[in-house]
Structure formats: structure tokens, C-alpha cells
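The lines below spell out each chain.
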Amino acid sequence: MLRHAPRLLSRATSSAMRWRRPFSTNVPAETPVDAKFVESWRSTIPNIEPPKTPSAFMAPRPPTPSTIPSKLTINVVLPYNSIFSAKEVDMVIVPATTGQMGVLPGHVATIAELKPGVLSVHEGNDVTKYFVSGGFAFIHANSVADIIAVEAAPVDQFDQNLVQKGLAEFTQKLSSASTDVEKAEAQIGVDVHSALNAALTG
């Protein structure tokens with residue numbers, strides 16, 4: 001048995017060299033899920049048109065560029081408004097729950113939860129700051145950043161005196177809260193007003 005070991009090892013090695021795992025760029029694109037669904041539907045219920053799935057209403061994802069672009073494209077959206085739509089900037093800094101996160105063109109694809117804080121938009125030497133109450137940032141591999149916030153407004157539109165008054169009120173509510181709901185509501189108020197106060201004083 002041992003006499004045949006070198007020959008078996010050589011055969012296994014040559015087979016392994018012939019079979020290599022293909023790179024992701026060499027793997028043929030899979031048939032879209034919608035196409036498979038429609039094909040299965042029509043083979044089962046040919047006399048009824050198949051329903052449309054959510055992906056049928058989505059625009060195709062832009063291709064990832066082979067080189068890093070010079071600008072970052074951002075979309076900043078609120079439930080009732082769009083602050084930026086396909087705006088090209090140099091960098092944005094978002095208040096992620098893990099800390100301030102700078103996003104430049106070519107940033108790795110990331111999803112980050114936002115905490116109350118300052119969203120900074122950098123265009124050359126100009127920096128525009130918005131206060132966001134929370135949300136999510138979706139950083140795509142094609143240098144597009146989608147920032148979805150619950151509320152957002154320019155920092156310079158806030159009155160520092162009113163912010164400090166609100167902070168004092170919520171701090172008082174937190175200390176006198178007797179139920180878990182009251183404590184949670186007061187803590188949210190303290191967190192938001194503390195972050196806003198820091199943005200105005202910093």
C-alpha cells in the first residue's frame with residue numbers, strides 16, 4: 001500500500017490543481033429571483049398573471065467602478081423630505097453608534113446605525129453640519145451613501161438657550177420618573193438634548 005502512496009498523492013495533487021474554486025468575478029450571474037418565480041408560477045398557474053415582487057419596482061444597482069471615483073455621492077432622506085439627492089461631496093462624517101465614522105469615496109460597504117449627533121458634509125473647504133436624531137447609513141461599494149434619518153436640521157437653526165432648557169427639563173423628568181416607560185422617554189430626551197447641546201457648544 002505504501003508503495004503506491006507517491007503515485008496516489010501525485011494524482012490527488014494534479015486533480016486539485018485542475019479544480020480551483022472560481023473567483024466571484026468568474027462565476028456566471030445567477031438568474032434573477034423574480035425570473036425563477038415567474039417561471040414557476042406560469043408552469044403551475046398558466047392562466048393567471050404572476051404578481052409583482054418588491055424587486056420588480058427597484059432600480060438596478062449601479063455597477064461598482066473599477067477605480068475609486070473622486071467624489072462620494074450622498075442621499076440624505078427623511079420620512080417627509082429629501083435633504084440631498086445624488087449630491088457629490090468629498091466626505092461625510094456620520095454619528096454612528098460605534099463612534100464618528102468618516103466616509104470617503106471607495107469606502108467599504110457598510111451599514112451603520114446612527115445615534116443623535118452631527119452629520120458633517122464636506123465639500124472642499126466648506127462644511128455643512130446637520131443634527132440628526134437617529135437613523136441608518138447605508139454605504140455602498142460604488143461610493144454611494146444613503147443616509148436615512150428620522151429628523152434632521154441644520155445645526156445653526158437651533159437656539160442654544162432652548163436646547164439647554166430642554167436638557168434641564170428632561171434631566172428633571174429622568175430623576176423623578178417612576179415607571180420604566182417614563183424613564184425611557186426621559187432618557188431619550190436627555191440623550192438627544194445632550195448631543196444637540198454638545199453640537200452647539202463644540
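So, a few notes on the structure that sits alongside this text. (Residues numbered from 1 in each chain as written. Predicted model: local features only at pLDDT ≥ 70, side-chain atom pairs only at ≥ 80, totals over all residues. Heavy atoms only, no water.)

## Brief notes about the overall build of the chain
Looking only at helices and strands, the chain features four helices and 10 strands. Here the analysis covers contacts within the chain between residues at least 6 apart in sequence; of these, 48% occur between residues at least 24 apart. Total accessible area on the chain is roughly 14200 Å²; 58% of this is exposed by carbon and sulfur atoms. (Helix = DSSP H or I, 4+ residues; strand = E, 2+ residues; numbered from the N terminus. Contact = heavy atoms within 4.5 Å. Areas by Shrake-Rupley, 256 points an atom, 1.4 Å probe, with all protein chains shown as cover.)

## Concerning the pattern of salt bridges
Where charged atoms of side chains with opposite charge meet at close range, the side chains can pair. Applying the stated criterion to the full structure yields three salt bridges. A salt bridge links Arg42 to Glu49, with the nearest nitrogen and oxygen atoms 3.5 Å apart. Residue Arg42 is classed as partly exposed on the basis of its relative accessible area, which comes to 45%. The shortest N-O distance in the salt bridge between Lys87 and Glu123 comes to 3.2 Å. Placement of Lys87 in strand S2 (residues 82-89) and of Glu123 in strand S6 (residues 117-123) is noted, with a sequence separation of 36 residues between them. (Salt bridge = Lys/Arg side-chain N within 4 Å of Asp/Glu carboxyl O. Buried < 20%, exposed > 50% of the residue type's maximum accessible area, 1.4 Å probe, protein only.)

## Quick word on helix H4 (residues 180-201)
Taking 1.5 Å as the rise per residue, H4 with 22 residues should run 32 Å; its terminal C-alpha atoms sit 31 Å apart, in good agreement. For H4, the set of buried residues is Ala186, Gly189, Val190, His193, Ala195, Leu196, Asn197 and Ala199. In this structure, the buried side of H4 is in contact with S6, strand S7 (126-132) and helix H3 (160-176). (Expected span 1.5 Å × (residues − 1).)

## Observations regarding the layout of surface pockets
Put simply, the second largest pocket is a space of about 190 Å³. Taken together, Gln100, Gly117, Val118, Lys129, Val155, Ala195, Ala198, Ala199 and Gly202 make up the lining of the second largest pocket. Contributions of two or more residues to the lining of the second largest pocket are made by S6 and H4. Grouping the constituent residues of the lining of the second largest pocket by class yields five nonpolar, three polar and one charged. Residue-level mapping places the lining of the second largest pocket at the junction of two domains, with at least three residues from each of domain 1 (69-155) and domain 2 (158-201). (1 Å grid on protein atoms, 1.4 Å probe; cavity = no way out; pocket = protein on both sides within 12 Å on 5 of 7 lines; lining within 4 Å. Points joined across faces, edges and corners; volume = space filled by probe spheres on them. Nonpolar A, V, L, I, M, F, W, Y, C, P; charged D, E, K, R; others polar. Domains from an automatic or database assignment.)

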